[in-house]
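# A closer look at the structure
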Amino acid sequence: MSDSDLPRPILVTGGAGFIGSHIVDALVERGETVIVVDDLSSGRRENVNPAADLHVLDIRSEETAQLIESRRPLRIFHLAAQMDVRRSTEDPAFDASINILGTLNLLNAAVKGGVDQFIFASTGGAIYGEQDVFPAPEGHPERPVSPYGVSKLAGERYMYYFNVAYGLHVTCLRFANVYGERQNPHGEAGVVAIFLKLLNESQPPVINGDGLQTRDYVHVSDVVQANLAAMGLGGFHIFNVGTGIETTVVDLYQGLRQAAGSELQATHGPAKPGEQRRSCVDATRLHDDLAWPEPLALDEGLQRTADWFRQNG
């Protein structure tokens, strides 16, 4: 059998991270040959499925482009990103270098390497900004108010160009607030993980402001299912990935406290300047077009996540 007769691999950027590593696991379970590209700046080597081929590389590098051109993956799941909204406001150029220039490096290499499909981890709340309707459909006006949201929207625009100009099939998945097992409790991202880490250490979390700001919390297992459902989809598409349900930070904390079996009450600190007040996305299109199943109920997802954090420290 020649190399051309072998099944083509699938490449996952950010495959050592929270969401990416779960996607890698699911692909390995399906019998796919998986290549992971991750610089391990936030991802963890131990998250990577041992059956996957890990390359510790920066997505902006020539080495990454050469890997794609030489291994010729059938499709790329692009999860690697600068995802800290606060850091994006402090250093927009750094955010753009990864989320725009890094993405362009992958897209150019994808065309040269004959990649069939590019599946992109985009963002719902950060792209829509302050919403006119709840939940927001994909056609909602795009009004990002952070460099992170701007860079993700720019990535989608470049992908549309690559679809039109080169025939690269693209699916953009606009995630709501993803939570679940393996989420990083350090830094700005992931309030569920941050709260659970503090609860496990018997430290009362601090809620910013009145805690009545809302988000749409979707479990990582549902995000994995959305990515798998997009495999093989031709053309250019955008789908929201969320529950369509708003949950306040106060209610989220009460659910986490119950799941963790803690009696600790949270304290309230000053509100974060410029924080989005409400965010929630409509995933009807994903349900209807790709048969995405009903997402996990929040209380069940929080219990699974709390159990994982308890067992894994």
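Worth saying up front: this structure is predicted, and the values here are computed from it rather than measured.

Attention shifts here to the packing of helix α7 (residues 191–200) against helix α11 (residues 298–312). Interhelical geometry of α7 versus α11 gives an angle of 50° and a closest axis separation of 10 Å. What the angle tells us is that α7 and α11 run oblique. Considering the relative orientation of α7 and α11, their crossing is right-handed. Mapping the contact onto sequence places V192, A193, L196 and N200 in α7 and L302, T305, A306, F309 and R310 in α11. For the contact of α7 with α11, the per-class residue count stands at six nonpolar, two polar and one charged.

Counted residue by residue, helix α8 (residues 220–230) has eight buried out of eleven residues, so it is predominantly covered. V220, D222, V223, V224, A226, N227, L228 and A230 are the residues of α8 that are buried.

Bringing the packing of helix α1 (residues 18–29) against α8 into the picture now. Between α1 and α8, the least distance of the axes is 9 Å, while the angle of their chain directions is 55°. Taken together, the axis directions place α1 and α8 in an arrangement best described as oblique. Crossing hand, α1 versus α8: right-handed. Between α1, through F18, I19, H22, I23, A26 and L27, and α8, the contact on the second element is made entirely by V220, V223, V224, N227 and L228.

Another aspect to go through is α1. End to end, α1 covers 17 Å across twelve residues, agreeing with the expected 16 Å (1.5 Å per residue, within 8%). Here α1 lies mainly inside the structure; ten of its twelve residues are buried. For α1, the complete set of buried residues consists of F18, I19, G20, S21, H22, I23, V24, D25, A26 and L27. Residues of α1 that are buried make contact with β1 (10–13), β2 (34–37), β4 (75–78), β6 (169–175), β7 (177–179) and α8. Backbone geometry just downstream of α1 places G31 in the positive-phi region, at approximately 90°.

Calculation notes
Residues numbered from 1 in each chain as written. Predicted model: local features only at pLDDT ≥ 70, side-chain atom pairs only at ≥ 80, totals over all residues. Heavy atoms only, no water. Axes fitted to C-alpha atoms, helices over the stretch in contact; angles between N-to-C directions. Helix = DSSP H or I, 4+ residues; strand = E, 2+ residues; numbered from the N terminus. Parallel < 35°, antiparallel > 145°, perpendicular 65-115°, else oblique. Left-handed = near helix turned anticlockwise from the far one by under 90°. Contact = heavy atoms within 4.5 Å. Nonpolar A, V, L, I, M, F, W, Y, C, P; charged D, E, K, R; others polar. Buried < 20%, exposed > 50% of the residue type's maximum accessible area, 1.4 Å probe, protein only. Expected span 1.5 Å × (residues − 1).

Distances and angles like these do not, on their own, reveal function.
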